[in-house]
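Residue-level listing of the chains:
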Amino acid sequence: MSGESAADSGARQCCSRSGYSPRGVRDADRGRSWPTKLLGVCLFAVLPGALPAGIETDYRSSYYKDGEIHVNLLGTREGKPITSGHWDFKPSWSKTGDMLVFFRRLKSDPDVLKWKTAICIIKTDGSGFHRLTDGTHTDFNQTWTRDGTNTPIWNRRNSQTGAFRVMASRVGAEPGEEYPLTGKHYHSWAYTCLIDGRILVGGNPPGQQRGYFLMTPNRKGTPRFERVSCELASLGTLDRVSLSPSERKICFEYTRGFKRKVAGRTLYLAEFDADKRLISNARPFANAEGKPVWFAYPRWTPDETAIVYHAGRKLFLYTLEDGTTRKVSRDDKADYRYPHGEATPK
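Residues numbered from 1 in each chain as written. Predicted model: local features only at pLDDT ≥ 70, side-chain atom pairs only at ≥ 80, totals over all residues. Heavy atoms only, no water.

Novice: How should the overall build of the chain be read in this particular structure?
Specialist: What the chain contains, in helices and strands, is two helices and 25 strands. Among the 346 residues that make up the chain, the fraction classed as buried is 57%. Expressed as a percentage of contacts within the chain between residues at least 6 apart in sequence, the contacts between residues at least 24 apart total 49%. Carbon together with sulfur atoms contributes 48% to the accessible area of the chain, which is approximately 14,000 Å² in total. (Helix = DSSP H or I, 4+ residues; strand = E, 2+ residues; numbered from the N terminus. Buried < 20%, exposed > 50% of the residue type's maximum accessible area, 1.4 Å probe, protein only. Contact = heavy atoms within 4.5 Å. Areas by Shrake-Rupley, 256 points an atom, 1.4 Å probe, with all protein chains shown as cover.)

Novice: Would you mind showing me how to read the environment of R224 here?
Specialist: Tracing the backbone shows R224 in strand β15 (residues 224–227). Overall, the relative accessible area of 52% leaves R224 in the exposed class. C-alpha of R224 to C-alpha of P205: the two residues are 19 residues apart in sequence and 9.4 Å apart in space. Ignoring anything within four residues of it in the chain, the contact list for R224 reads L214, M215 and T216. A polar contact of 3.2 Å, which involves the side chain of R224, links it to the side chain of E226. (Polar contact = N/O pair within 3.5 Å; in protein donor to acceptor, adjacent residues only side chain to side chain.)

Novice: Hey, could you run me through the packing of aromatic side chains in this one?
Specialist: Aromatic rings in a pair are described by how distant their centres are and how their planes are angled relative to each other. This model, assessed by the stated rule, comprises 23 aromatic pairs. Ring geometry for Y297 against Y338: centres 5.3 Å apart, planes inclined by 75°, an arrangement best described as edge-to-face. You can see Y297 sitting in strand β21 (residues 295–300) and its partner Y338 sitting in strand β25 (residues 336–341), a full 41 residues away along the chain. The exposure class of Y297 is buried, given its relative accessible area of 0%. (Phe/Tyr/Trp six-rings, centres within 6.5 Å; stacked < 30°, edge-to-face > 60°.)

Novice: I keep staring at the pattern of salt bridges and nothing clicks. Help me out?
Specialist: Where side chains of opposite charge bring their charged atoms close, a pairing between them can arise. Under the defined criterion, the tally for this structure stands at 19 salt bridges. When the shortest N-O distance is used, the salt bridge between R104 and D88 registers 2.7 Å. In this pair, R104 is assigned in strand β5 (residues 99–107) and D88 in strand β4 (residues 87–93), connecting sequence segments 16 residues apart. On the basis of relative accessible area, R104 is assigned to the buried category, the value being 7%. Across the pair R156 and E178 runs a salt bridge whose closest N-O atoms are separated by 2.9 Å. Note that R156 is positioned in strand β9 (residues 152–157) and E178 in the loop between β10 (164–168) and β11 (179–180), a separation of 22 residues in sequence. Given the relative accessible area of 9%, R156 is considered buried. Among the residues examined, E178 registers a relative accessible area of 13% and is labelled buried. Among the ionic contacts, a cluster of salt bridges with common partners joins D196, R198, R224, E226 and R277. (Salt bridge = Lys/Arg side-chain N within 4 Å of Asp/Glu carboxyl O.)

Novice: Explain the nonpolar core here, please?
Specialist: Looking at soluble globular proteins, one finds that nonpolar side chains tend to be buried together. Ranked by internal contacts, the top residues of the largest apolar core, which has 43 residues, are L238, I250, F252, F272 and I279. Apart from residues lying up to four places away in sequence, F272 is in contact with L194, L200, L214, L243, E247, R248, K249, I250, L278 and I279. (Core = buried A, V, L, I, M, F, W, Y, C linked by side-chain atoms within 4.5 Å.)

Novice: Is there a simple way to explain the side chain of T301 in this structure?
Specialist: Structurally, T301 can be placed in the loop between β21 and β22 (306–311). Take T301: its relative accessible area is 2%, and that puts it in the buried class. Beyond its immediate chain neighbours, meaning those up to four positions away, T301 contacts Y59, P245, A306, L317 and T344.

Novice: What should I look at first to understand the side chain of E247 in this one?
Specialist: With respect to the secondary-structure elements, E247 resides in the loop between β17 (236–243) and β18 (249–256). Reaching out from E247, the side chain makes a polar contact with the backbone nitrogen of I195 at a distance of 2.7 Å. Look past the residues within four positions of E247 in its chain and what remains in contact with it is R146, C193, L194, I195 and F272.

Novice: Just checking my understanding: could you explain the sheet that holds strand β8 (residues 139–144) for this structure?
Specialist: The strand order across the open sheet formed by four strands is β8-β9-β10-β11, and the pairing between neighbours is antiparallel. Edge strands, defined here as strands with exactly one partner in the open sheet, are β8 and β11. (Pairing = 2+ DSSP bridges.)

Novice: I'm lost on the sheet that holds strand β12 (residues 188–193) in this one. Help?
Specialist: Hydrogen bonds between backbone atoms are what pair the strands of a sheet, whose relative direction is either parallel or antiparallel. Spatial strand order, β12-β13-β14-β15: four strands in an open sheet with antiparallel pairing. A strand with exactly one partner marks an edge of an open sheet, and here the two such strands are β12 and β15. Pairs of neighbouring strands in the sheet enclose a mean axial angle of 35°, with direction left out of account. Pairing of β12 with strand β13 (residues 199–203) involves five bridges; the strand directions are antiparallel. The residue bridging A190 from the neighbouring strand is V201, located in β13. (Axes fitted to C-alpha atoms, helices over the stretch in contact; angles between N-to-C directions.)

Novice: Explain the confidence of the model for the chain to me, please; I cannot follow it from the model alone.
Specialist: When pLDDT drops low, the exact placement of atoms in the prediction is not to be read closely. Looking at the chain, pLDDT values average 88 and 84% of them are 70 or higher. Under a pLDDT of 50 for its full length, residues 1–42 has, in the predicted model, 94 contacts with residues more than four places off or in other chains. (pLDDT = per-residue confidence, 0-100.)

Structure follows, in structure tokens:
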């Protein structure tokens, strides 16, 4: 954004992408609750076509519930979590179907930029836990490549500039073996990956204005950034972008304008053309009115027929064919977030 320092830009984009706000989102380990105006909003009033809760589905998902990670059929009651005793966030399911990568918060702070986290891997049955990073960095929003290498990637904050860069490692690696995919002197944030090895990122790579790009990694040289065209991007901010398994569709959070806002985002579905690098025919499917509720983290089901997301501490499933939405979390006293479809890397 014009006139912003690197630190301001990094901080603004991080907070936008992290999905946390001391004012707008419950801070679980401090017991803060959402503002009264958010609690007063009826979710089903802003979910056209919503169906009754409690309908079981055939979709297996990983998600956060009160700081623990669960793997479960959406719409059914949870059993034992696969992690406990920590604050574990944003599990992303590998394309191989047997592993999750997530981040564990080791040091909390009212300022999310000051969190210290560790990128971790665990098998979906709860075995095989190991850390990829040492917990001395601010590492966020991990996912997997789709190119057959099953490489875990994430975004790491530069504590000097406030900007982020894309990092990568491998299953079974030790902390310290991770390596950068982008430079440290500009901001880059990885969202989702393509089968051909490219990564959809946001940022301001050298010589280019802020925007969204398909990045081709190059460990021995400079990565290549090719701009993605999207009409909405000229009017606001896309966030938590996720490509469908076929890579012909894309979903994301959207904020009109460039002022950071967590509660009140609209969830969009659009067409995607990897060859033309084009996002088109975007249409809202949740919270089109921009009501002050935290709608976030839209993610695909493996068959590409539905999108799961969280809103107001609950999980919802939107079906593309008929446009219906139904609640698929069962414990109304719990805090549900960050759902992710089985074997469907974001």
